[in-house]
Amino acid sequence: MEAVEIDINTPQSARIWNYWLGGKDHYAVDREAGDAVIAHIPDIPEGARAERAFLVRAVRHLVKTEGLRQFLDVGTGLPTANNTHEVAQRLAPESRIVYVDNDPTVLAHARALLTSTPEGTTDYLDADMRRPEEIIEAAKRTLDFSRPIGLMMLGVVNHLMDDEEAYRVVRELVDALPEGSFFVLTHSSAEVHGEPMLRAMRETTERGGTPIRARTAAEIEDLFAGTELLEPGVVSCSQWRPDTEGATPKPVYLFGGVGRVG
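Cut-off values and rules
Residues numbered from 1 in each chain as written. Predicted model: local features only at pLDDT ≥ 70, side-chain atom pairs only at ≥ 80, totals over all residues. Heavy atoms only, no water. Core = buried A, V, L, I, M, F, W, Y, C linked by side-chain atoms within 4.5 Å. Buried < 20%, exposed > 50% of the residue type's maximum accessible area, 1.4 Å probe, protein only. Contact = heavy atoms within 4.5 Å. Helix = DSSP H or I, 4+ residues; strand = E, 2+ residues; numbered from the N terminus. Phe/Tyr/Trp six-rings, centres within 6.5 Å; stacked < 30°, edge-to-face > 60°. Salt bridge = Lys/Arg side-chain N within 4 Å of Asp/Glu carboxyl O.

Looking at an unreviewed UniProt entry, the protein carries the name SAM-dependent methyltransferase, with the source organism given as Saccharopolyspora terrae.

Below you can see the structure in the form of structure tokens.
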């Protein structure tokens, strides 16, 4: 494997996320950027943890209830606990997962840490989500596109600043899925924190980090066009079918949902 050149002078979204999740794969510049966001939004790490818990619940539902055994995870991020393949293969060891990212550091970590069960398969693609046709063509080496697939896009579409491009990318990926597939999405929103969230996003971008933007719940719901949203629709991801009973969990800034294709 070729050596990966790491830029430790510019904050990187996957490393900031890893810092918020309590991981170890980050540098001073990432911690500074992450702490700057926390200064505006003190509960931002709670949002990161809530999104990971949402992933667990969504994948668990798709495997146990819907019978899915294939996942295409676009925007892998740095490996932490309860990655898509771990959740799926705990329940169905034969599950096949393809991770997609275009950050060489992420891919290097993924290849080293995201190992499959003997019965299943875990593969990795170096590809840009802005080119869905390349992702689909490469994923066909591992996934059977005649059978349902779970498309995971957690916290990545919010890096597409242009609305037209965001909707195009999602539409092309979803349209390539066979009937009976599912689309799982989370996206940043300012509906919980308002202007402090928008200010934190602007400052992160100004520091040289990956540009990021918020969309409203209605705009996020529009990304599910052509799918049938499962209940409760697009909500704060902490409130999507929570495991806890009784009081409604505190909302976080990431909104998400799960849509059925076909």
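(A) View of the nonpolar core. Counting residues in each nonpolar core, the largest one holds 45 residues, and the members touching the most others are Trp20, Phe54, Val59, Phe71, Val184 and Val258. Apart from the residues within four sequence positions on either side, phenylalanine 71 is in contact with Val59, Leu62, Val63, Thr84, Ala88, Arg96, Ile97, Val98, Leu143, Ile149, Gly150 and Met152. Counting residues in each nonpolar core, the second largest holds 34 residues, with Ala138, Val157, Leu185 and Val261 among its members.

(B) Broad picture of unusual backbone geometry. The peptide bond linking glutamate 231 to proline 232 adopts the cis configuration, its omega dihedral lying at 10 degrees. Looking at the element boundaries, proline 232 is found in the loop between strand S6 (227-229) and strand S7 (235-236). Even without being a glycine, arginine 241 presents a positive backbone phi close to 45 degrees. Its place among the elements puts arginine 241 in the loop between S7 and strand S8 (254-261). The exposure class of arginine 241 is partly exposed, given its relative accessible area of 34%.

(C) Here's a closer look at the packing of aromatic side chains. All chains considered together, the criterion is met by three aromatic pairs. Ring geometry for phenylalanine 183 against phenylalanine 224: centres 5.1 Å apart, planes inclined by 45 degrees, an arrangement best described as tilted. In this pair, phenylalanine 183 sits in strand S5 (residues 182-188) while phenylalanine 224 sits in the loop between helix H9 (217-222) and S6, placing the two residues 41 residues apart along the sequence. Both residues of the pair, phenylalanine 183 and phenylalanine 224, belong to the buried class.

(D) Up close: the pattern of salt bridges. On inspection of all chains with the given rule, the structure shows 15 salt bridges. Between glutamate 134 and arginine 131 there is a salt bridge; the shortest N-O distance is 3.4 Å. You can call glutamate 134 partly exposed: its relative accessible area is 42%. In this structure, arginine 213 and aspartate 163 form a salt bridge, with 2.9 Å as the shortest nitrogen-oxygen distance. Of this pair, arginine 213 sits in the loop between helix H8 (195-206) and H9 while aspartate 163 sits in helix H7 (residues 163-175), and the two are 50 residues apart along the sequence. A single salt-bridge network, built from bridges that share partners, covers Asp43, Glu46 and Lys250.

(E) Just the environment of threonine 80, in detail. Structurally, the position occupied by threonine 80 is in the loop between strand S1 (70-74) and helix H4 (84-91). Counting along the chain gives 144 residues from threonine 80 to phenylalanine 224, while the straight-line C-alpha distance between them is 27 Å. The residues touching threonine 80, leaving out its near neighbours within four places in the chain, are Asn18, Leu21, Arg52 and Glu86.

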